[in-house]
Amino acid sequence: MIEIRIHGRGGQGAVTTGQIMAIAAFHDGKESQTFPNFGVERAGAPVMAFARISDEVINLRSQVYKPQVVLVLDSSLVEAVNVTEGLKDNGTIIINTNKTAEELGIKGSFDIHTIDATSITVGVFGKPIVNTPMLGAFAKVTGLMSLESLKKAIDDKFVYAKGKKIADLNKVAIEKVYSETR
Amino acid sequence: MVRKVIEASEAVALGVKLSRPAVIPMYPITPQTHIVERLAEYINDGELDTKMLHVESEHSAMSAAVGAQATGVRSFTATASQGLALMNEILFIASGMRLPITMAVANRALAAPINIWNDHSDSFSVRDAGWIQYYVESAQEALDTAIQAFMVAEDHSVLLPAMVCLDGFTLTHVYEPVDIPSQEEVDKVLKPYKAVHAFLDPDNPITQGAIGFPNAFMDLKKDQHDALLNAKNVIKESNWIFAEKFGRGYGDGLVEPYMMEDAEYAVVALGSVCGTIRVVVDELRKKGKKVGMLKIRVFRPFPEEQIVEHTKGLKGLGIIDKEVSFGQEGTVYSEIRSALYDKDLTINGFIAGLGGRDITPDHIRKVFDSLDAEKRTEWLF
């Protein structure tokens, strides 16, 4: 079982990121689970969501304390909260930032991946919407889900609720972030 | 049947939708709100032909549910915490009038201090309101139990209201895969509600909710008590019907044992924490320890026989309460001690998870590690 923690700011859509992640993993034939950190939600405040992906039924219902993967939607969180808390040595951390891993100054031996999703998504949406596009980076780095399943999950989540146009833009953004992630 | 990743709140809403209630009075409260929001969407989208009433408080929501059900139709509502507390007096009226209303309770702590997170203090505070009380572990069980609750409540040997309790946030806000039965499949197990005792018919007028004088009141209360005991069989039956039709059963419907056959030590709990206990049981079993779990799925009526049966041969038992009866001990602990008063095993009580305090595998390991020394009220901080 892989445990994942998503860091974002209130309003950025970290909870939705977890939901699409869980739906995509499910489309790949895996069991999945996601839930928000149940804080008091305020716009701009640091928030977290958790996800679990497994080949077997997931019974565990505690919060995630020792993630294998951390996804950070906003690089300013690196200074605000300890984004590597509980992350195992050589654990994976994927950050939306225009800085390099060295410039961020994250201490510890982690597998750090940076991607400037903000710039990429401004080009797609006309504004910085990074929560779903960062799943492209997540899929590329972890290999935990196929790009195809991710796009299917976007359709599940957005076609009915927000319309086909929004869903398609999200898929374009995901593909761009996916292809530019190293 | 389709399988999808959905929120547990949506699973409840789908179970209710598939049960086709005629009236849903609602008043929003965290963490219940997603349930009635989904139902409002189904109505708006023309998928559910139900009258939703937006009332001004939970007291009114339950009053409207009583009024609706008393006309002879199926009604549903949902609440949590302070909302359930505000409904209190009408809960007793619903059961006393023998109105099989079904309600989801997204379990949340009672204030003060104000707290929006999960424990069982709300539904346990109405333990004696005469309602059936289910506690569910997963989103799937939430959907299935929403349907089963109507089947049981409306059975002519029962005719009592039912609560489906699911842990607020800890379960209500979790997305996970759920099998969603089709309307045709559900129509085969849940028949339309036909009121034979409580209805509105101008050609056949009846009085409901009349005064009960001392010469009748006590007899009616005994009937009510017997009816809640009758519910045990119907709960088992409806669980069996689901196992047959959908391949999903939850123990015998009242309790669900896990690895109990040869267990020497076991933990009893209700609700979503049972999932975490399963994980720890698996882990300890791999180390050769004979441990198990007994999930209490229905707390009212109380499954005393099942508890006696499944705890035979145990050396030690731990009971996890997510509420406390102040000045005494955990309520599940009290009731299980009473059920096992003449049995030779060590019974330990633990208070855990109050106001959203996360219950981790470490907490459960600690419980399993300390079942030899009798403890009445150990707080798992």
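Per chain, residues are indexed from 1 in the order of the written sequence. Going through the entries in the order they are written, you letter the chains from A and number the ligands from 1. Per-residue local features are limited, in this predicted model, to residues with pLDDT of at least 70; the limit for side-chain atom pairs, both in listing and counting, is 80 or more; totals at the level of whole chains, interfaces and linings are taken over all residues. Working from all heavy atoms in the structure, the side-chain values ignore hydrogens and water.

We call two residues contacting when some pair of their heavy atoms lies within 4.5 Å. Facing the 21 residues of chain A at the interface are 24 residues of chain B. When two components associate, each loses some accessible surface as probed by a 1.4 Å sphere; the sum of these losses over both components is called the buried area. For the pair chain A and chain B, the two sides together bury roughly 1900 Å², of which 58% comes from carbon and sulfur. When residues of chain A are sorted by the area they lose upon contact with chain B, A:Phe26, A:Phe38 and A:Arg61 head the list and together hold 37% of the total. We define a salt bridge as a side-chain nitrogen of Lys or Arg found within 4 Å of a carboxyl oxygen belonging to Asp or Glu. Viewed at the interface, chain B and chain A are joined by two salt bridges.

Take the pairing of strand 3 (residues 46-54) of chain A next. Residue and element names in this part refer to chain A. Among the nine residues of strand 3, seven are classified as buried, and the element is accordingly described as predominantly covered. Bridge count between strand 1 (residues 2-9) and strand 3: eight bridges; the pairing is antiparallel. Pairing of Gly-8 across the sheet is with Val-47, part of strand 3. Summary of the burial criterion: residues with accessible area below 20% of their type's maximum are buried, those above 50% are exposed, and those between are partly exposed, where the area comes from a 1.4 Å probe applied to protein chains only. Helical segments are the DSSP runs of H or I of at least four residues, strand segments are the runs of E of at least two, and each set is numbered from the N terminus. Whether two strands pair comes down to DSSP finding at least two bridges between them.

Residue and element names in this part refer to chain B. Across the sheet, which stays open at both edges, the six strands sit in the order 9-11-10-13-14-15 with mixed pairing between neighbours. Two strands lie at the open edges of the sheet, namely strand 9 (255-258) and strand 15 (378-380), each paired on one side alone. Averaged over all pairs of adjacent strands, the angle between their axes in this sheet comes to 25°, without regard to strand direction. Summarising the sheet, strand 9 and strand 11 (residues 291-296) pair through four bridges and their orientation is antiparallel. Residue Pro-257 lies in a different strand from strand 11, and its bridge partner there is Leu-294. Against the sheet, helix 11 (residues 331-339) makes contact with strand 10 (265-269), strand 11, strand 13 (316-321) and strand 14 (346-352), and its axis sits at roughly 145° relative to strand 13, the strand it touches most. Between the N-to-C directions of two axes lies an angle of 0 to 180 degrees, each axis being a line fitted to C-alpha atoms and, for a helix, fitted only over the stretch in contact.

Before going further, it helps to spend a moment on the environment of B:Arg20. All names here are of chain B. Here Arg-20 shows up in the loop between helix 1 (8-19) and strand 2 (23-26). By relative accessible area, which is 46% here, Arg-20 ends up partly exposed. It is 25 Å that separates the C-alpha atoms of Arg-20 and Asn-230, two residues lying 210 residues apart in sequence.

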